[in-house]
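# Chains, contacts and geometry: an overview
Spelled out, the chains give:
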Amino acid sequence: MDSVNLPNLRLLKPLFVWIIIFIITIYFLPRVLAPIVFIAFILNSLSKPQLNYLWLAILFFLVDPSQDLFPKADPKYGLHFTLLPIYLTFQEIWIYSVLIYYLLKRKLIILPYYINIYRLIFVYIILLLIYSFYIGMSMSNFMQAIKFLIPLSLLIILPNYINSAKQWENFFYLIFTISIITFAYQLIQISLGYPLSHILGKPEFKMTAKESSFDGQNFSRPISSSFIVMMSFIGAMYYRVTKKSTFNKTYLDAIIYINFFSIFLTATRGWIIAFVFALFTYLFMINRNSLKRNFASLTVLGLIMILYLSDSISIKSQIEGSWTRFNTLGLIIEGDETAGGTLSRIDTYTPTLMKYFYQKPFMGWGFSDVFWEINNTHVGHPNVLMQSGVIGYSLFVILWLALIISPIILYYRNPIKKTFKPYLVLSLGISISIIIHSSSVQLYELPIGYYNTSFGLLILLSFIDFGIRLKR
């Protein structure tokens, strides 16, 4: 069995080879050749299921890249296939291909641990589709609803796609590596003032980092593979408390703090709150010797960062801007719901969505034309209420409670609790996703779509499902 403690070329080589291939394809080859390369990747992935951990990691990076590194893989700019009048992105074709493959091969052997809750949600989706026709849904919006619902099939497929402890370890080894690369990319972007893709990209693909300001201070919002960082953060904590982990503990400590600092640099308050909560809960969870090791790792990492930051005015400014933006949360406590004019979720987005929710409180607006017109994923809970009503929202609450409580119950039912702490990290991982859903961007929704949010959540749910079923 290969070790994953040190650089493992067997695992890393194909990852870097495919990333280089995609960069060359997107930036240097004629656009007409791009579909050929992406189709070759999909066919290769279907022919080598023993490398599913690799294909999923690469796909995750394509969907959740560092800034606009892969603009053509993004549905907004992206690679699409004009088959009939249907717009298809690369990630859509991958999902359709994997779904057809598993249905034809009849390889859906493993049922998710939470299959009964998923069944309730699927039944309610069917009812909402019928209800939506009644209140007004055009055929084009019906087709869009079906299209955006298909990724939910990954709730069933992914537990079969990666179904062994070794494959999950290999997947996270690649994700840890990608999170380090994206962190370096993030620092370079802050230092330069623009993404590296500006150097590679054609003019039509150039994008600037999102700018924010508060109290006269301008700073960038360098969102760099945030959902990969989230998975890396959760995975590192999970393997850090796993008794027989094949990962080096100091390496995992470094990953945890690199991921935390990466999110802090984004100046995204909801994400920072989620990571602060998770980090302190995790530190409380580990034993005293591990805590000392954590502080030692943090000290070393901190010294390295200080040496780097001492020569980087732009990164110093970014840290100050992130801290200033985070401190605006104190204004909410003081009674300013807009946090100094920087939080439109509370005073603008939420009232609009709740006005529509009150009109149809029981089943919401479903997939109707009204839903697609006012859908706003900046506010998770109001948007869920507006779309699926009290009934649909209650199903999500049941799912959240099951995801959080069932690992805790499994932990307390085992007499030797020290060996079952990974269960608690699974519960913590879901808590992170719910905090982000509540404060930053909607993760839990019925028309889940093909974006980085959906892939991040579906992979997280699949990993939690595996962790629950794993015998320790």
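Residues numbered from 1 in each chain as written. Predicted model: local features only at pLDDT ≥ 70, side-chain atom pairs only at ≥ 80, totals over all residues. Heavy atoms only, no water.

### Here we look at the pattern of salt bridges
Under the definition given, this model contains 3 salt bridges. Across the pair K166 and E169 runs a salt bridge, and its minimum N-O distance is 3.9 Å. One end of the pair is K166 and the other is E169, both in helix α8 (residues 165-192) and 3 residues apart, which spans about a single turn. By relative accessible area, which is 22% here, K166 ends up partly exposed. For E169, a relative accessible area of 11% gives the class buried. Across the pair D253 and R240 runs a salt bridge whose closest N-O atoms are separated by 2.8 Å. With D253 in helix α11 (residues 249-265) and R240 in helix α10 (residues 226-241), the pair connects residues that are 13 residues apart, well separated along the chain. (Salt bridge = Lys/Arg side-chain N within 4 Å of Asp/Glu carboxyl O. Helix = DSSP H or I, 4+ residues; strand = E, 2+ residues; numbered from the N terminus. Buried < 20%, exposed > 50% of the residue type's maximum accessible area, 1.4 Å probe, protein only.)

### Considering a nonpolar patch on the surface
Taken together, the side chains of F16, I20, I24, F28 and I181 make up a nonpolar region of the molecular surface, amounting to roughly 450 Å² of accessible area. Residue contributions to the nonpolar patch peak at 4 residues, all from helix α1 (residues 9-28). Among the structural elements, I20 can be located in helix α1. (Patch = residues over 30% accessible without salt bridge, like charges linked within 9 Å, V, L, I, M, F, W, Y side chains within 5 Å. Areas by Shrake-Rupley, 256 points an atom, 1.4 Å probe, with all protein chains shown as cover.)

### Things to note about the packing of helix α18 (residues 380-412) against helix α20 (residues 452-469)
Where α18 contacts α20, the two axes come as close as 11 Å, and the packing angle between them is 25°. Between α18 and α20, the interaxial angle falls into the category roughly parallel. α20 is crossed by α18, and the crossing has left-handed handedness. Mapping the contact onto sequence places L403, S406, P407 and L410 in α18 and L461, I464 and I468 in α20. Grouping the constituent residues of the contact of α18 with α20 by class yields 6 nonpolar, 1 polar and no charged. (Axes fitted to C-alpha atoms, helices over the stretch in contact; angles between N-to-C directions. Parallel < 35°, antiparallel > 145°, perpendicular 65-115°, else oblique. Left-handed = near helix turned anticlockwise from the far one by under 90°. Contact = heavy atoms within 4.5 Å. Nonpolar A, V, L, I, M, F, W, Y, C, P; charged D, E, K, R; others polar.)

### Let's talk about helix α7 (residues 154-161)
Of all 8 residues in α7, 8 are buried; the element is thus mostly enclosed. Contacts made by the buried residues of α7 are with α3 (52-63), α4 (90-105), α5 (115-135), α8 and α20.

### Re empty space enclosed by the protein
Enumeration according to the criterion identifies 3 cavities of 30 Å³ or more in this entry. In this structure, the largest cavity occupies an estimated 130 Å³ of space. Looking at the largest cavity, it is lined by 13 residues, and the ones nearest its centre are L152, L155, F396, L399 and E445. Elements that contribute at least two residues to the lining of the largest cavity include exactly α5, α18 and α20. Take the lining of the largest cavity: its biggest share by element is 3 residues, from α20. Classifying every residue of the lining of the largest cavity gives 12 nonpolar, no polar and 1 charged. In this model, the second largest cavity occupies a volume close to 40 Å³. (1 Å grid on protein atoms, 1.4 Å probe; cavity = no way out; pocket = protein on both sides within 12 Å on 5 of 7 lines; lining within 4 Å. Points joined across faces, edges and corners; volume = space filled by probe spheres on them.)

### Some thoughts on helix α6 (residues 139-149)
Every buried residue of α6 is listed here: N141, A145, F148 and L149. One side of α6 carries all its buried residues, which in axial view fall inside an arc of 100°. In α6, those exposed residues whose orientation departs by more than 90 degrees from the buried face are M139 and S140. The inward-facing, buried residues of α6 abut α5 and α17 (369-374). (Arc of directions from axis to C-beta.)

### So, the environment of F260
By secondary structure assignment, the location of F260 is in helix α11. Measuring from C-alpha to C-alpha, the distance between F260 and V229 comes to 8.4 Å, with 31 residues separating the pair along the chain. In contact with F260, other than residues within four places in its own chain, are F233, F275, V276 and L279.

### Things to note about the packing of aromatic side chains
For the structure on display, the rule yields 38 aromatic pairs. The interplanar angle of 45° and the centroid separation of 6.5 Å between the aromatic rings of W94 and F455 together place this pair among those described as tilted. Here F455 lies in helix α20 and W94 lies in helix α4, a separation of 361 residues in the sequence. Exposure class is identical for W94 and F455. Each is buried. (Phe/Tyr/Trp six-rings, centres within 6.5 Å; stacked < 30°, edge-to-face > 60°.)

### Observations concerning the nonpolar core
Counting 139 residues, the largest nonpolar core has W94, F171, F367 and I432 as its most contacted members. Top element by residues in this core is α10. It accounts for 12 residues. Those residues in contact with I432 that lie beyond four places of it in its chain are M230, F233, I234, M237, A274, F275 and A278. (Core = buried A, V, L, I, M, F, W, Y, C linked by side-chain atoms within 4.5 Å.)

### A word on the side chain of E445
Inspection of the secondary structure puts E445 in the loop between α19 (421-439) and α20. Looking at E445, the relative accessible area reads 10%, which means it is buried. The residues touching E445, leaving out its near neighbours within four places in the chain, are T377 and F396.

### Concerning the packing of α10 against α20
Running from amino to carboxyl end, α10 crosses α20 at an angle of 15°, the nearest separation of the two axes being 9 Å. It follows from the interaxial angle that α10 and α20 lie roughly parallel. Relative to α20, the crossing made by α10 is right-handed. Contacts between α10 and α20 pair F227, M230, M231, I234, Y238 and Y239 from the former with N452, T453, G456, I459, L460, F463 and G467 from the latter.

### As for the confidence of the model for the protein chain
Chain-level statistics for the protein chain give a pLDDT mean of 77 and a share of 71% at 70 or above. No element of the protein chain has a lower mean pLDDT than strand β3 (residues 210-214), which averages 42, and none a higher one than α5, which averages 91. Within the model, the stretch residues 203-219 combines pLDDT values under 50 with 43 contacts to residues more than four positions away or in other chains. (pLDDT = per-residue confidence, 0-100.)

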